[in-house]
Amino acid sequence: MALGKIKADQLEHSTAGSLDTQFVVKGSAKAWLQYLQATPVVTDSFNISSVADNSTGNFTVNYTNAFDNSGHARSLMANSGFYCGVQDRATGSTQLHNRSDANSLTDTGAYGAFHGDLA
C-alpha cells in the first residue's frame, strides 16, 4: 500500500462552512496528559514520553516531540480542591506541582493540555 499526502489550505463541510487549515494546525493541542501522582500512573496521554515523580506534589512531564521554545502554553488542572502549576519549563519537558487550597504540595490527579509549535 502506498503512502500519500493530502495538501489543503481549507477544509469544507457540506453544511457547516469552511475552515482554514492553519486553525487546525495552530489550534490543536500538541500534547496532553492525565496523570495520577499518588499511584503514580499515566492514565492517558499524547506526545508524552514519560513522567518523572520528583517528590510529593512535584513531577516532570517529558515530551516525545519537543516544542520549538519553552514559552509554549499550558492549560492545567488538578482534582477538586487542588491546583496544578508550572514549576519550571523547557522545550522538551515541563516541571509541574500539585498544591492543596492550603498551598501544601500534595500527590493528586493532574490533567494538562500543551499548545505551541513543535520543533
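Heads up: the structure comes first, above all this text.
We now turn to the structure provided with this report.

Brief notes about the environment of Glu12
Okay, step 1: Topologically, Glu12 is positioned in strand E1 (residues 10-13).
Okay, step 2: When the C-alpha positions of Glu12 and Asn54 are compared, they lie 46 Å apart, and in sequence the two are 42 residues distant.
Okay, step 3: Once residues lying within four places of it in the same chain are set aside, the contact partners of Glu12 are Gly17 and Ser18.

Digging into the side chain of His72
Okay, step 1: The topology assignment puts His72 in the loop between strand E6 (58-63) and strand E7 (73-78).
Okay, step 2: Setting aside anything within four residues of it in sequence, one finds His72 in contact with Tyr63, Phe67, Ala90, Thr94, Phe114, His115 and Gly116.

A look at the sheet that holds E7
Okay, step 1: Read across the open sheet, the 4 strands follow the order E4-E3-E10-E7; overall the sheet is antiparallel. Strand pairing shows two members of the sheet lacking a second neighbour, strand E4 (41-46) and E7, which therefore form its edges. Taking the axes of each pair of neighbouring strands and ignoring which way they run, one obtains an average angle of 10° across the sheet.
Okay, step 2: The pairing of strand E3 (residues 31-36) with E4 spans 5 bridges and is antiparallel. If you follow Tyr35 over to E4, its bridge partner there is Val42.

Re the pattern of salt bridges
Okay, step 1: On inspection of all chains with the given rule, the structure shows 1 salt bridge.
Okay, step 2: Asp117 is the salt-bridge partner of Lys26, the closest N and O atoms lying 3.2 Å from each other. Residue Lys26 is located in helix H1 (residues 21-27), and its partner Asp117 is located in the segment after strand E10 (109-115); the two are separated by 91 residues in the primary sequence.
Okay, step 3: Given the relative accessible area of 33%, Asp117 is considered partly exposed.

What counts as what
- Residues numbered from 1 in each chain as written.
- Predicted model: local features only at pLDDT ≥ 70, side-chain atom pairs only at ≥ 80, totals over all residues.
- Heavy atoms only, no water.
- Helix = DSSP H or I, 4+ residues; strand = E, 2+ residues; numbered from the N terminus.
- Contact = heavy atoms within 4.5 Å.
- Pairing = 2+ DSSP bridges.
- Axes fitted to C-alpha atoms, helices over the stretch in contact; angles between N-to-C directions.
- Salt bridge = Lys/Arg side-chain N within 4 Å of Asp/Glu carboxyl O.
- Buried < 20%, exposed > 50% of the residue type's maximum accessible area, 1.4 Å probe, protein only.

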